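One-letter residues, chain by chain:
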Amino acid sequence: QVQLVESGGGLVQAGGSLRLSCAASGRPANLYYMGWFRQAAGKEREFVAATYWSGVSTYYADSVKGRFTISRDNAKNTVYLQMDSVKPGDTAVYYCALARRLGPAVIASTYEYWGQGTQVTVSS
């Protein structure tokens, strides 16, 4: 059984930086994507960023493009989200997700496994 464990959330001031990590246990095979989604209070879950596990492709939501960077360590089955120049609008619970099937990387239903979420709060 694949399990995803996120870490790195917390409180940060606007303009600051934060780095999220997500480690996949259970030696998941046939990975296609690992990605990040977020859900702010009272809003639907939205796509943030994703990386294609076997190649160089990365995907970003327009709202974070140029500020957030997704990276991975294949040997550790770990994905990172470097968040720079954060804004109060980035406040949300951030979820790590893993897909073992091919599909649109930006759609939540492509992903079969989800972490428990980590809170990110950006103060103004």
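Note: the structure precedes this text.
Residue numbering note: each chain is counted from 1, following its sequence as written. Local features in this predicted model are restricted to residues whose pLDDT is 70 or higher, and side-chain atom pairs enter the listing and the counts only when it is 80 or higher, whereas totals over whole chains, interfaces and linings include all residues. Side-chain figures throughout are based on the complete set of non-hydrogen atoms in the structure, without hydrogens or water.

Engineer: So what's going on with the sheet that holds strand E8 (residues 78–83)? Which residues, and what values?
Structural biologist: Spatial strand order, E1-E3-E8-E7: four strands in an open sheet with antiparallel pairing. What marks the edges here is a single partner per strand, and that holds for strand E1 (3–7) and strand E7 (68–73). The mean angle between the axes of side-by-side strands here comes to 15°, regardless of whether they run parallel or antiparallel. Judged from the six bridges that link them, E7 and E8 form a sheet pairing that is antiparallel. Considered in E8, the bridge of Ser71 is made with Tyr80. Think of it this way: DSSP has to see at least two bridges between two strands before they count as a pair. Strands here are runs of E lasting at least two residues and helices are runs of H or I lasting at least four, both read from the DSSP assignment and numbered beginning at the N terminus. For helices, the axis comes from a line fit to the C-alpha atoms of the stretch in contact; other axes are also lines fit to C-alpha atoms, and the angle between any two N-to-C directions lies between 0 and 180 degrees.

Engineer: Tell me about the environment of Gly117, residues and numbers included.
Structural biologist: Relative to the assigned elements, Gly117 resides in the loop between strand E10 (113–114) and strand E11 (118–123). In this structure, the C-alpha to C-alpha distance between Gly117 and Tyr80, residues 37 residues apart in sequence, is 14 Å.

Engineer: Provide a residue-level description of the pairing of strand E4 (residues 33–39), including the pertinent values.
Structural biologist: Buried residues are those whose accessible area, probed at 1.4 Å on protein chains only, stays under 20% of the maximum for their type, while exposed residues exceed 50% and partly exposed ones sit between those limits. Within E4, six of the seven residues are buried, which leaves it mostly tucked inside the rest of the structure. Pairing geometry for E4 and strand E5 (residues 46–52), over six bridges, is antiparallel. Of the residues in E5, the one forming a bridge with Trp36 is Ala49. Relative to strand E9 (residues 92–99), E4 runs antiparallel, the two being bridged by seven bridges. Pairing of Met34 across the sheet is with Leu98, part of E9.

Engineer: So what's going on with the state of the cysteines? Residues and values would help.
Structural biologist: Note on disulfides: each one is a pair of cysteine sulfur atoms within 2.5 Å. A complete count under the given rule lists one disulfide for this structure. Note that Cys22 is cross-linked by a disulfide to Cys96, the S-S spacing being 2.0 Å. With the S-S dihedral at roughly -80°, the linkage between Cys22 and Cys96 falls on the left-handed side. In this pair, Cys22 is assigned in strand E3 (residues 18–25) and Cys96 in strand E9, connecting sequence segments 74 residues apart.

Engineer: Just give me the short version of the pattern of salt bridges, but keep the residues and values in it.
Structural biologist: Close approach of charged atoms lets side chains of opposite charge pair. Just to be clear on terms, a salt bridge is a Lys or Arg side-chain nitrogen sitting within 4 Å of an Asp or Glu carboxyl oxygen. Here the structure, examined in full by the defined rule, presents four salt bridges. As a salt-bridge pair, Arg38 and Glu46 come within 2.6 Å of each other at their nearest N and O atoms. For Arg38, a relative accessible area of 6% gives the class buried.

Engineer: Outline the environment of Arg67, listing residues and values.
Structural biologist: As for its placement among the helices and strands, Arg67 is situated in the loop between strand E6 (58–60) and E7. Here the alpha-carbon distance between Arg67 and Met83, two residues 16 residues apart in the chain, equals 6.3 Å. Contacts are assigned to residue pairs with any non-hydrogen atoms lying within 4.5 Å of each other. Setting aside residues no more than four positions away along its own chain, Arg67 makes contact with Gln82, Met83, Asp84, Ser85, Val86, Lys87 and Asp90. A distance of 3.0 Å separates the side chain of Arg67 from the backbone oxygen of Ser85, its partner in a polar contact. The definition of a polar contact used here is a pair of N or O atoms within 3.5 Å, where within protein one atom must be able to donate a hydrogen and the other to accept one, and adjacent residues in sequence count solely through side-chain atom pairs.

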